[in-house]
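In case you want the letters, here they are:
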Amino acid sequence: MRKYNDYYIIGVDAGYGNMKTARTIYPTGLVAMDTKPFFDGNILKYNDTWYRIGEGHKAFNPDKTADEDFYILTLASIASELRLERIEEAKVHLALGLPTTWTGRQREEYRRYMMRNPDVQFTFNDVQYNIHLIDCSVFPQGYAALVPLMDNDKKYNNFRQFVGTVMMADIGNGTMNIMRLVDGRPNDQHCWTEVLGVNQCVLTVRKQMTDKYGIDMPETVIEQFLRTGTTNISRELLDSLTAIVRGYVTGLFDALRVHGYDARLMKLFVMGGGGCLMKHFGKYDPNAVIFVDDLHASAKGYEYMAQAVIWHQERMPRKAGD
């Protein structure tokens, strides 16, 4: 969250696995209820409906405006940032993202979806929030996380990391966003979105473990294995899990090569929650692959880019009057 003039810029990285702001994270899931839930948790009340936030994961749908879920989850994300500063009423400039190849055609619809109620009141964890949404910016996922790195690199290191061609792979729960940049510059023709997110890996693991062993392996066990590279199960099952996930990661690198990736010619920047799959189970040159491990990097990048856009817009009238 960034304070600017009399309002706050709040970046929200709305993934199919997790909702992330610059400082908070929780699962992308919610359950609607007619009455207040009995048990504690992240509870949001909006328009006489109660929502338990962070319950499970949201199913993949390429249209984030198809239902109310991402709107409600974004309200919870705004509140989660504001409550860290004990702020209950604020003007907010939302900074959001979409998969790279969806941004152009879905940006305005997603912006209207979020801005339909400029003045919104809701309760989150028994605190009432009064929010005035003054604007909403939408940026490409993944690339937003690289922009602060590129600017710092240009300023302090003569832009060494981004000279020539680099590839970016942003691996989320639903998709892998791929971008090829030349001297730090993106091109619409060099952006791709593949439905190869972490959830597809989880589904593959569950199916193969059921087919081979008759086991319905809990998702929590699989997710722990994907995050850490190990889990507390028998050696036989552990070896099978490792083989399945290595095969899946091989598929990720194959997809990158289809879009022009060549480890001999370019560096690869990997980010998103699925980056741990490549780190733990992939075969790569550690000098040629850079992992952006900060799960909040995209949300921070949205705020960074939104601030840059605001500064640019403020300078334009002055230039026109010169």
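Residues numbered from 1 in each chain as written. Predicted model: local features only at pLDDT ≥ 70, side-chain atom pairs only at ≥ 80, totals over all residues. Heavy atoms only, no water.

*Asks:* How should empty space enclosed by the protein be read in this particular structure?
*Replies:* Vacant regions in the atomic arrangement are exposed by a probe of water-molecule size rolled over the atoms. Using the criterion set out here, one finds one cavity of 30 Å³ or more in the structure. As for the largest cavity, its lining consists of D63, K64, T65, L98, Q106, E109 and Y110. A per-element tally of the lining of the largest cavity places helix α2 (residues 103-115) first, with three residues. Here the lining of the largest cavity is composed, by residue class, of two nonpolar, two polar and three charged. (1 Å grid on protein atoms, 1.4 Å probe; cavity = no way out; pocket = protein on both sides within 12 Å on 5 of 7 lines; lining within 4 Å. Points joined across faces, edges and corners; volume = space filled by probe spheres on them. Helix = DSSP H or I, 4+ residues; strand = E, 2+ residues; numbered from the N terminus. Nonpolar A, V, L, I, M, F, W, Y, C, P; charged D, E, K, R; others polar.)

*Asks:* Explanation requested: the pattern of salt bridges in the structure shown.
*Replies:* Any two side chains of opposite charge can pair, on the condition that their charged atoms come close. Summed over all chains, the structure comprises 17 salt bridges. When the shortest N-O distance is used, the salt bridge between R23 and E85 registers 2.8 Å. With R23 in the loop between β3 (18-20) and β4 (25-27) and E85 in the loop between α1 (69-84) and β8 (89-98), this pair connects stretches of sequence that are 62 residues apart. Residue R23 is classed as partly exposed on the basis of its relative accessible area of 40%. Judged by relative accessible area, E85 falls into the partly exposed class, the value being 41%. D67 is the partner of K58 in a salt bridge, and the nearest nitrogen-oxygen pair spans 2.9 Å. Among the ionic contacts, a cluster of salt bridges with common partners joins R23, E81 and E85. (Salt bridge = Lys/Arg side-chain N within 4 Å of Asp/Glu carboxyl O. Buried < 20%, exposed > 50% of the residue type's maximum accessible area, 1.4 Å probe, protein only.)

*Asks:* It is not clear to me how the pairing of strand β10 (residues 127-140) should be interpreted in this structure. Could you clarify?
*Replies:* Each regular strand displays side chains that alternate between the two surfaces of the sheet. In this structure, β8 lies alongside β10, joined through ten bridges in parallel fashion. From the neighbouring strand, V92 faces β10, where its bridge partner is L133. Inspection of the sheet shows strand β9 (residues 119-124) paired to β10 by six bridges, in the antiparallel sense. Note that in β10 the partner of T123 across the bridge is Q128. (Pairing = 2+ DSSP bridges.)

*Asks:* Honestly, the layout of surface pockets in this entry has me stumped. Any pointers?
*Replies:* Size it by volume and the largest pocket reaches roughly 790 Å³. N18, G272, G273, G274 and L295 are the residues nearest the centre of the largest pocket, which is lined by 39 residues in total. Among the elements that take part in the lining of the largest pocket, helix α7 (residues 275-281) stands out by supplying four residues, more than any other. Its residues assigned to classes, the lining of the largest pocket shows 16 nonpolar, 15 polar and eight charged.

*Asks:* How do you make sense of α1 when you look at a structure like this?
*Replies:* Along an α-helix, residues three or four positions apart point the same way, because every turn accommodates 3.6 residues. The end-to-end C-alpha separation of α1 is 23 Å, in line with the 22 Å expected for 16 residues at 1.5 Å each. Burial runs high along α1: 13 of the 16 residues are buried. Downstream of α1 by a residue or two, R86 has a phi angle that is positive, lying close to 55°. (Expected span 1.5 Å × (residues − 1).)

*Asks:* Honestly, the packing of aromatic side chains in this entry has me stumped. Any pointers?
*Replies:* Two descriptors summarise a pair of aromatic rings, namely the distance from one centre to the other and the angle between the planes of the rings. Going through the model one piece at a time under the given rule, you end up with eleven aromatic pairs. Centroid distance F225 to F281: 5.1 Å. Interplanar angle 40°. Geometry classified as tilted. One end of the pair, F225, is in helix α5 (residues 219-228); the other, F281, is in helix α7, and 56 residues separate them in sequence. Its relative accessible area of 0% is what places F225 among the buried residues. Members of the aromatic cluster, joined through ring pairs, are Y46, Y71, Y110 and Y113. In this arrangement the basic side chain of R116 is found over the ring face of Y113, its NZ or CZ atom lying 4.8 Å from the centre. (Phe/Tyr/Trp six-rings, centres within 6.5 Å; stacked < 30°, edge-to-face > 60°. Lys NZ or Arg CZ within 6 Å of the ring centre and 35° of its normal.)

*Asks:* Hey, could you run me through the sheet that holds strand β12 (residues 176-182) in this one?
*Replies:* Across a sheet, strands are paired by hydrogen bonds formed along the backbone, either parallel or antiparallel in direction. Read across the sheet, five strands follow the order β13-β12-β11-β14-β15 without closing on themselves; strand pairing throughout is mixed. The open sheet has two free edges, formed respectively by β13 (191-194) and β15 (289-292), since each of these has just one partner strand. Taken over all neighbouring pairs, the strand axes of this sheet differ in orientation by 20° on average, direction set aside. Direction of pairing for strand β11 (residues 165-171) relative to β12: antiparallel, over a ladder of seven bridges. (Axes fitted to C-alpha atoms, helices over the stretch in contact; angles between N-to-C directions.)

*Asks:* In this structure, what is going on with the side chain of Q307? I would like to understand it.
*Replies:* Along the chain, Q307 falls in helix α8 (residues 297-321). Non-local contacts of Q307, meaning those with residues more than four positions away in its chain, are made with R2, Y4 and I9. (Contact = heavy atoms within 4.5 Å.)

*Asks:* Could you clarify how one ought to interpret α5 in this entry?
*Replies:* Taken together, the buried positions of α5 are I222, F225 and L226. One side of α5 holds all its buried residues, which, seen down the axis, span an arc of 95°. Opposite its buried face, α5 presents the exposed residues T220 and R227, each directed more than 90 degrees away. Contact partners of the buried residues in α5: α4 (198-213), α6 (235-258) and α7. (Arc of directions from axis to C-beta.)

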